[in-house]
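Next come the chains, spelled out residue by residue.
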Amino acid sequence: MTPPPLIILTGAGISAESGLSTFRDPDGLWARHRIEDVATPEAFARDPARVHAFYNARRAQLRDPAIQPNAAHHAVARLVAAWPAPALLVTQNVDDLHDRAMPGGGGAPLLHMHGELARIRCLACGEGHRWTQDLSTATPCPACGKAGGLRPDVVWFGEVPLGLERIEAALEDCGLFLSIGTSGQVYPAAGFVAALRGRARTVELNLEPSAGTPLFDEAEHGPATRCVPRFVERLLAEWR
């Protein structure tokens with residue numbers, strides 16, 4: 001038998017054991033910051049310094065040597081590299097831990113549908129750049145030199161996620177769908193499993209049951225660093 005085309009969807013739960021805060025847990029980022037203040041185009045227009053401070057703190061966290069890809073990131077990278085059929089890793093995460101875990105630093109099999117914390121975009125000229133340091137309204141654009149127009153290259157609430165055409169095309173062909181560390185509350189990603197019901201094997205790997213657990217064919221719950229490597233090992237063994 002030929003292995004089916006694979007889509008892996010990941011959320012903040014896969015990075016939690018690396019030390020990065022999730023969003024919707026009781027002590028997560030949205031419990032400590034109002035979405036309306038730091039994660040909308042309107043917030044940036046109203047108070048760019050406040051938005052920059054929020055993302056500067058998160059960018060600084062990624063520079064911490066203690067923040068590294070964990071066993072779940074490495075297991076996903078191994079699965080994508082070893083899968084003998086088309087495979088696409090779609091992450092809702094703006095961190096770069098998947099990129100660091102994958103051979104060659106990410107690339108074609110990895111799609112950041114909510115953008116990347118380590119990138120910026122200029123509202124004046126439209127150019128994007130890799131950026132790992134602090135950002136302010138005084139920072140000039142590396143391309144056009146204009147200051148005041150640089151923003152984090154992440155998808156804010158009210159904006160359209162990236163790569164939807166590519167994701168929709170992959171969903172058409174998908175035969176195996178893995179959802180790892182997601183809350184099942186953020187659309188359009190939360191709707192992927194419903195779109196695949198009856199025509200693909202769907203599996204949830206999450207710390208605890210999500211809002212979408214009843215829609216999956218299979219579910220395993222527990223820490224990502226335990227569940228994901230174990231499942232990947234079994235899955236690859238099925239197709240050896």
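Conventions and cut-offs
Residues numbered from 1 in each chain as written. Predicted model: local features only at pLDDT ≥ 70, side-chain atom pairs only at ≥ 80, totals over all residues. Heavy atoms only, no water. Pairing = 2+ DSSP bridges. Helix = DSSP H or I, 4+ residues; strand = E, 2+ residues; numbered from the N terminus. Axes fitted to C-alpha atoms, helices over the stretch in contact; angles between N-to-C directions. Contact = heavy atoms within 4.5 Å. Core = buried A, V, L, I, M, F, W, Y, C linked by side-chain atoms within 4.5 Å. Buried < 20%, exposed > 50% of the residue type's maximum accessible area, 1.4 Å probe, protein only. Expected span 1.5 Å × (residues − 1). Arc of directions from axis to C-beta. UniProt positions renumbered as here; feature names shortened; annotations may be inferred.

(A) Spotlight on the sheet that holds strand β9 (residues 218-221). The strand order β3-β2-β1-β7-β8-β9 describes an open sheet built from six strands, whose pairing is parallel. The open sheet has two free edges, formed respectively by β3 (110-112) and β9, since each of these has just one partner strand. When strand polarity is set aside, the average angle formed by the axes of neighbouring strands in this sheet is 15°. Docked against the sheet, helix α5 (residues 71-82) engages β1 (6-10), β2 (87-91) and β7 (176-180), running at close to 160° with respect to β1.

(B) Spotlight on the nonpolar core. If you look at the biggest cluster of nonpolar residues, it comprises 26 residues, and the most contacted ones within it are Ile8, Val76, Leu79, Trp83, Leu178 and Val228. Elements supplying a minimum of two residues to this core: β1, α5, β7, β8 (201-206) and α9 (224-238). Setting aside chain neighbours within four positions, we find valine 228 in contact with Ala72, Ala75, Val76, Ile180 and Leu205. One finds Leu111, Phe177, Val193 and Leu196 within the second-largest nonpolar core, a separate group that totals 17 residues.

(C) Inspection of α9 at higher detail. Compared with the 21 Å implied by 1.5 Å per residue over 15 residues, the 21 Å span of α9 between its first and last C-alpha is a close match. Looking at α9, one finds that the buried residues are Ala224, Cys227, Val228, Phe231, Val232, Leu235 and Leu236. End-on view of α9: buried residues confined to an arc of 145°, all on one side of the axis. Here the buried face of α9 lies against α5, β7, β8 and β9.

(D) Structural view of the UniProt feature "binding site: Zn(2+)" (unreviewed entry) in the protein chain. In the numbering used here, UniProt assigns the feature "binding site: Zn(2+)" (unreviewed entry) to Cys122, Cys125, Cys141 and Cys144. Spatially, the listed residues are clustered: although they cover 23 residues, their C-alpha atoms lie within 8.7 Å of one another. With respect to the helices and strands, cysteine 141 occurs in the loop between β5 (128-130) and β6 (150-154). Given the relative accessible area of 4%, cysteine 141 is considered buried. Structurally, the position occupied by cysteine 144 is in the loop between β5 and β6. Its relative accessible area of 40% is what places cysteine 144 among the partly exposed residues.

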